[in-house]
Every structure is written in C-alpha cells, then in structure tokens.
Amino acid sequence: MPDHRGDPGTTQLTAKDILHWLQASKARCTVASEEVIPAVESIVSECPGLKTKFLLSPHSQNRWLSFQELFQTTSAEHSCVETGIQEPMAIYFASGTTGSPNMVQHSQSSLRIGYTLCGRCKFKKLPHCLMGGEPLNPEVLEQWKVQTGLMLYEGYGQTGGMFNGQSLSLTLQPQDCQLSP
C-alpha cells in the first residue's frame, strides 16, 4: 500500500509487532512517544526504508526529531494538498488472531464517515454499543454502564469479531444500521 498516510498504534505494541508493521507498510517515517523508543530502536536496523523518526516530546533525542519543536518552527503558510475521497488516509492492522495482522486501509471518506457518525450518536438513541480492540477490565465495563446506561459488548479488532464468547474466524459481514435524529 504505497503512499499511505498512517498506521495508528498503541504503546502496548512489542518490538516484534512494530517490526511487522513497519516492514508490511514499507514505512519511511515513524512518529512515536518516548515509551516505544526502545522497542523501535531494537528493530530499526531491520527496516532499511525507515529514514525519519519523529518523537512526540518537547525535545529531540538520539537521532529522533522532536515533532513539537518542528511544528512550532514551521511557517503558518502552506498549500493544502487536494485528495480524492477514495485516496488512502490511514491503515489499521487487524488483530492477527489467526496469523500475522493484516493491513486494513481506510480512505479519506470511510474514516471521516465513521468519525462523523460516532460524533452524532446520542446514548439515548443507541440500543447497543460494541467496542473493538483490547479486552477491557470488568470495572471499566461497569463504569461505562453506570455513565451511559448501556452495556458495552466486546468485539475484536476492526475486521473480525467475537460475540457472546464465540470467536468469528471470518470477517464480519456489513450490517444495515440506521441512526435516527
């Protein structure tokens, strides 16, 4: 997937995970917090295409450029790049429950549509809530129920799922979902 925009990740990624992501995406640049620098540095020699490393910190550090320093010194004058709605915006990696995680590309429109729909939802109108990603502690699930009045059902990843404790080895099929104002 050449010329893509980003692979968001968590600080819980291991060096092996980061290596897979960087190699699979053919990343030329990485943006990371201080917590993951040791993991990135341990595998960077295996990623010859990785040319630039940005650190989300006020100061640069050992061959890492400070994103904040660069942002503050950058001119306010810029030219926006026009993009088509189907051009790539971000790549997420599936959970990898049946093998190595696969890249799932989101376009300029698909990611925005998801964010827009999430922003418009009101808890009173939602009969169910489904989350993907890492499993949550029972205390977090209980706090969600207390604050929203809704049960939070756990799923896995962004491309597969688990429901009522049953693993779904196939990609979830699209569902007809309708939101009322």
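Everything numeric in this text was worked out from a predicted model, so none of it was measured. (Residues numbered from 1 in each chain as written. Predicted model: local features only at pLDDT ≥ 70, side-chain atom pairs only at ≥ 80, totals over all residues. Heavy atoms only, no water.)

### Comments concerning the packing of aromatic side chains
We describe a pair of aromatic rings using the distance from one ring centre to the other and the angle between the two ring planes.
Alright, step 1. This model, assessed by the stated rule, comprises 2 aromatic pairs.
Alright, step 2. With a centroid separation of 6.1 Å and 90° between ring planes, the pair formed by Phe54 and Phe67 is classed as edge-to-face. Separated by 13 residues along the polypeptide, Phe54 in strand β2 (residues 52-55) and Phe67 in helix α3 (residues 67-73) bring together distant segments of the chain.
Alright, step 3. The exposure class assigned to Phe67 is partly exposed, which follows from its relative accessible area of 36%.
Alright, step 4. Here the aromatic rings of Phe67 and Phe71 are separated by 6.4 Å at their centres, their planes lie at 10°, and the arrangement is stacked. Of the two residues, Phe67 and Phe71 are both situated in helix α3; the distance of 4 residues between them amounts to about one turn of the helix.
Alright, step 5. Among the aromatic residues, those joined into a cluster by ring pairs are Phe54, Phe67 and Phe71. (Phe/Tyr/Trp six-rings, centres within 6.5 Å; stacked < 30°, edge-to-face > 60°. Helix = DSSP H or I, 4+ residues; strand = E, 2+ residues; numbered from the N terminus. Buried < 20%, exposed > 50% of the residue type's maximum accessible area, 1.4 Å probe, protein only.)

### Considering a nonpolar patch on the surface
Alright, step 1. Residues Val31, Leu56, Phe67 and Phe71 make up a contiguous nonpolar surface patch of roughly 400 Å² in combined accessible area.
Alright, step 2. Along the chain, Leu56 turns up in the loop between β2 and β3 (65-66).
Alright, step 3. We classify Leu56 as partly exposed; its relative accessible area is 44%. (Patch = residues over 30% accessible without salt bridge, like charges linked within 9 Å, V, L, I, M, F, W, Y side chains within 5 Å. Areas by Shrake-Rupley, 256 points an atom, 1.4 Å probe, with all protein chains shown as cover. Salt bridge = Lys/Arg side-chain N within 4 Å of Asp/Glu carboxyl O.)

### Things to note about the pairing of strand β4 (residues 88-93)
Alright, step 1. The buried fraction of β4 is high, at 5 of 6 residues.
Alright, step 2. As judged from the 5 bridges shared by β4 and strand β5 (residues 103-107), these two strands associate in the antiparallel manner. Note on β5: the bridge partner recorded for Tyr92 is Val104. (Pairing = 2+ DSSP bridges.)

### Let's talk about unusual backbone geometry
Alright, step 1. One non-glycine residue with positive phi stands out, namely Asn62, at about 30°.
Alright, step 2. For Asn62, a relative accessible area of 60% puts it in the exposed group.
Alright, step 3. At Arg63, a position not held by glycine, the phi torsion is positive, near 65°.
Alright, step 4. Following the sequence through the fold, Arg63 ends up in the loop between β2 and β3.

### A word on the sheet that holds strand β1 (residues 29-32)
Paired through their backbone hydrogen bonds, the strands of a sheet run either parallel or antiparallel.
Alright, step 1. Ordered in space as β1-β2-β3, the 3 strands form an open sheet in which the pairing is parallel. Unpaired on one side and paired on the other, β1 and β3 mark the two borders of the sheet.

### Considering the confidence of the model for the protein chain
Alright, step 1. Confidence along the protein chain averages 76 in pLDDT terms, with 70% of residues attaining 70 or more.
Alright, step 2. Least confident of the elements in the protein chain is strand β9 (residues 166-168), whose mean pLDDT is 41; most confident is helix α2 (residues 37-43), at 94.
Alright, step 3. A low-confidence stretch, residues 158-172 stays under pLDDT 50, and its non-local contacts, those more than four residues away or across chains, total 18 contacts. (pLDDT = per-residue confidence, 0-100. Contact = heavy atoms within 4.5 Å.)

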